[in-house]
Amino acid sequence: MEAPTHLNNQPKAVPLQNDLLLRAARGESIERSPVWLMRQAGRILPEYRAVRAQMGGFKDLVESPPHASEVTIQPVDILGVDAAIIFSDILVIPEAMGLPYELVEKVGPRFPEVVRTHQDLKRLRAEVNPEVHLSYVLDAIRLTKRNLAGRVPLIGFCGAPWTIFCYMVEGKGSKDWALPRRMLWEQPTFAHALLDSITEASIGYLQAQVRAGADLVQIFDSWAGVLSDDLYREFMMPRLQRMCEALSPMVPVTVFAKGGGHLLPQLADLDCRTLGLDWQTDPRKARLLIGEEKTLQGNLDPSILYSSPDTIRKKTREMLSNFGTRRHIANLGHGVYPDVNPEHVKVFVETVQKSA
Ligand code: CP3
């Protein structure tokens, strides 16, 4: 007899009514490109800001499964996107490892403590148990799967080890990440050790997200663009590959390396279904480099959403034709900017959906 859901705490598998995203990722036939937006949950919607205003701050929202679930589903209801992405942040991993983050209004993330020496490494949690240290994300995923009731797939995510390493070393945002890059040269043993801990924690975390109900996972390497081809090959590729190999047997994996146009030939070798492209990358050139075996995701310039609806339609159609109809997931080339008009986002979404 099947265990009652309240005992194993897993969502019942409800068949998806819209599985375009998963079919596109797996390279199966699709009527049209599915569409969602990076950073669609939060920021742009007044409905998000209303929920956010009821809470103490961003972290309270992230750590409250009912509220996190509500703002995860808002873009599905309001914008009509073909996927939901769980409302959380990549910075929950450093926190679970023992390095709490703060989010300072209009400034961004801040870490009161940083990791820069072997001594600092010893203060980190030896083993992250996602069911204990990140239970609020997993609960939010389980609740969201229940609330979505199969309308669209739910995307889980984490940051790539390099991007998380950047924040843990620097303690805040940076333009060129000179300090974390310096660490790769000056303290390679330390860098490898920290990157390994982040990788292990991230694998366990993504696997737990899938067990909780995530249908696809995306790895955000937001700061890939500051690494040369050589450094990326040495420090990142083996770890990204480990992550892909650990997750790909469970769900389709997407790797998005922002600023990583120069890295595409090596990213093409990863055991993932989808590669995300930023808006500086020409989809036709990327397809030639990557071949036919992967799905490409992207890549409208997010600033185009500031233009007129007519221009948005024209540019979206141009983008679609550059990707072609096979193995494409429509998205922006990076996260949607916080101050764009949600009506303009709808124009983007509807243009893709009418293009069948
Ligand atoms: O995609 C989604 O809508 C899901 C939620 C999500 C958030 N952060 C919520 C958030 C996701 C996928 C992220 C990922 C993330 N977080 C990345 C990778 C993607 C990227 O943009 O490159 C990075 C680098 C971060 C780190 C981070 N978190 C920054 C730099 C900031 C402050 C500036 C900003 O982006 O708003 C955050 C805070 C944050 N994370 C907010 C949201 C909705 C803003 C908080 C608020 O204003 O309420």
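Please refer to the structure higher up on the page.
The rules we used
Residues numbered from 1 in each chain as written. Predicted model: local features only at pLDDT ≥ 70, side-chain atom pairs only at ≥ 80, totals over all residues. Heavy atoms only, no water. Helix = DSSP H or I, 4+ residues; strand = E, 2+ residues; numbered from the N terminus. Polar contact = N/O pair within 3.5 Å; in protein donor to acceptor, adjacent residues only side chain to side chain. Contact = heavy atoms within 4.5 Å. Near = heavy atom within 4 Å. Areas by Shrake-Rupley, 256 points an atom, 1.4 Å probe, with all protein chains shown as cover. 1 Å grid on protein atoms, 1.4 Å probe; cavity = no way out; pocket = protein on both sides within 12 Å on 5 of 7 lines; lining within 4 Å. Sits in = over half its atoms within 2 Å of the grid points. Nonpolar A, V, L, I, M, F, W, Y, C, P; charged D, E, K, R; others polar. Buried < 20%, exposed > 50% of the residue type's maximum accessible area, 1.4 Å probe, protein only. Pairing = 2+ DSSP bridges. Right-handed = clockwise from strand over helix to strand, strands pointing away. Points joined across faces, edges and corners; volume = space filled by probe spheres on them. Salt bridge = Lys/Arg side-chain N within 4 Å of Asp/Glu carboxyl O. Phe/Tyr/Trp six-rings, centres within 6.5 Å; stacked < 30°, edge-to-face > 60°. Lys NZ or Arg CZ within 6 Å of the ring centre and 35° of its normal.

**Observations concerning the side chain of glutamine 241**
Locating glutamine 241 in the fold gives a position in helix H13 (residues 229–247). Among the polar contacts made by the side chain of glutamine 241, one reaches the side chain of glutamate 245 at a distance of 2.8 Å. For glutamine 241, the residues in contact, after removing those within four places along its chain, are Asp269, Leu270 and Asp271.

**Re the site of the ligand**
The environment of the ligand is formed by 20 residues, the closest being Arg39, Arg43, Tyr48, Arg52 and Ser222. Glutamine 40 places a polar main-chain atom, nitrogen or oxygen, 3.1 Å from an oxygen atom of the ligand. Take arginine 52: an N or O atom from its side chain is 2.5 Å from an oxygen atom of the ligand. Considering the ligand on its own, with 860 Å² of exposed area, one finds that the protein chains cover 87% of that surface. The pocket occupied by the ligand, as judged from atoms lying within 2 Å of grid points, is the largest pocket. When its residues are assigned to classes, the shell around the ligand shows 12 nonpolar, 4 polar and 4 charged.

**Regarding the environment of glutamine 119**
Mapping glutamine 119 onto the fold places it in helix H7 (residues 118–122). Of the residues examined, glutamine 119 reaches a relative accessible area of 52% and is grouped as exposed. Put simply, glutamine 119 and glutamate 95 are 24 residues apart on the chain and 18 Å apart in space, counted from C-alpha to C-alpha.

**Considering the pairing of strand E9 (residues 328–332)**
In terms of burial, E9 is largely enclosed, as 5 of its 5 residues are buried. Because side chains alternate across E9, one face comprises the buried residues His328, Ala330 and Leu332, and the other comprises Ile329 and Asn331, equally buried. Sheet topology places strand E8 (residues 295–300) next to E9; 5 bridges connect them, and they run parallel. Note that in E9 the partner of leucine 296 across the bridge is histidine 328. Remark: the E8/helix H16 (residues 309–323)/E9 crossover connection has right-handed handedness.

**Overview of the layout of surface pockets**
The volume enclosed by the largest pocket comes to roughly 1,300 Å³. Arg39, Arg43, Asp89, Leu103 and Pro109 are the residues nearest the centre of the largest pocket, which is lined by 34 residues in total. Class assignment of the residues belonging to the lining of the largest pocket gives a composition of 18 nonpolar, 7 polar and 9 charged.

**Focus on the pattern of salt bridges**
Using the criterion set out here, one finds 20 salt bridges in the structure. Arginine 26 is the salt-bridge partner of glutamate 28, the closest N and O atoms lying 2.9 Å from each other. Look at glutamate 28 and you get partly exposed, because its relative accessible area is 39%. Residue class for arginine 26 comes out partly exposed when judged on its relative accessible area of 31%. In the salt-bridge network here, residues are joined through shared partners; they are Asp19, Arg23 and Glu31.

**A few points about unusual backbone geometry**
What you tend to see is this: most non-glycine residues have negative phi, and most peptide bonds are trans. A cis geometry characterises the amide bond from glycine 298 onward to asparagine 299, with omega recorded as -15°. Summarising the element assignment, asparagine 299 is placed in strand E8. One non-glycine residue, lysine 106, lies in positive phi territory at about 65°. Note that lysine 106 resides in the loop between strand E2 (102–104) and strand E3 (108–110). Residue tryptophan 177 is not a glycine yet carries a positive backbone phi of 50°. Of note, tryptophan 177 is situated in the loop between helix H10 (161–170) and helix H11 (178–186).

**Things to note about the packing of aromatic side chains**
Applying the stated criterion across every chain, the model contains 9 aromatic pairs. Summarising the aromatic geometry, the rings of phenylalanine 58 and phenylalanine 87 are spaced 5.6 Å apart at their centres and angled 70° between planes, so their arrangement reads as edge-to-face. Here phenylalanine 58, found in helix H4 (residues 58–62), pairs with phenylalanine 87, found in the loop between strand E1 (84–85) and helix H6 (92–97); they are 29 residues apart in sequence, far enough to count as distant. Grouping residues by exposure puts phenylalanine 58 and phenylalanine 87 together as buried. An aromatic cluster is built from Tyr48, Phe58 and Phe87, whose rings are joined through pairwise contacts. Lysine 59 extends its terminal NZ or CZ atom over the ring of tyrosine 101, reaching a point 4.4 Å from the ring centre.

**Notes on the sheet that holds E8**
The strand order E1-E4-E5-E6-E7-E8-E9 describes an open sheet built from 7 strands, whose pairing is parallel. Looking along the sheet, the strands with just one partner apiece sit at the ends: E1 and E9. Here 2 bridges tie E1 to strand E4 (residues 154–159), and the two strands are oriented parallel to one another. Along E4, the bridge assignment pairs isoleucine 85 with isoleucine 155.

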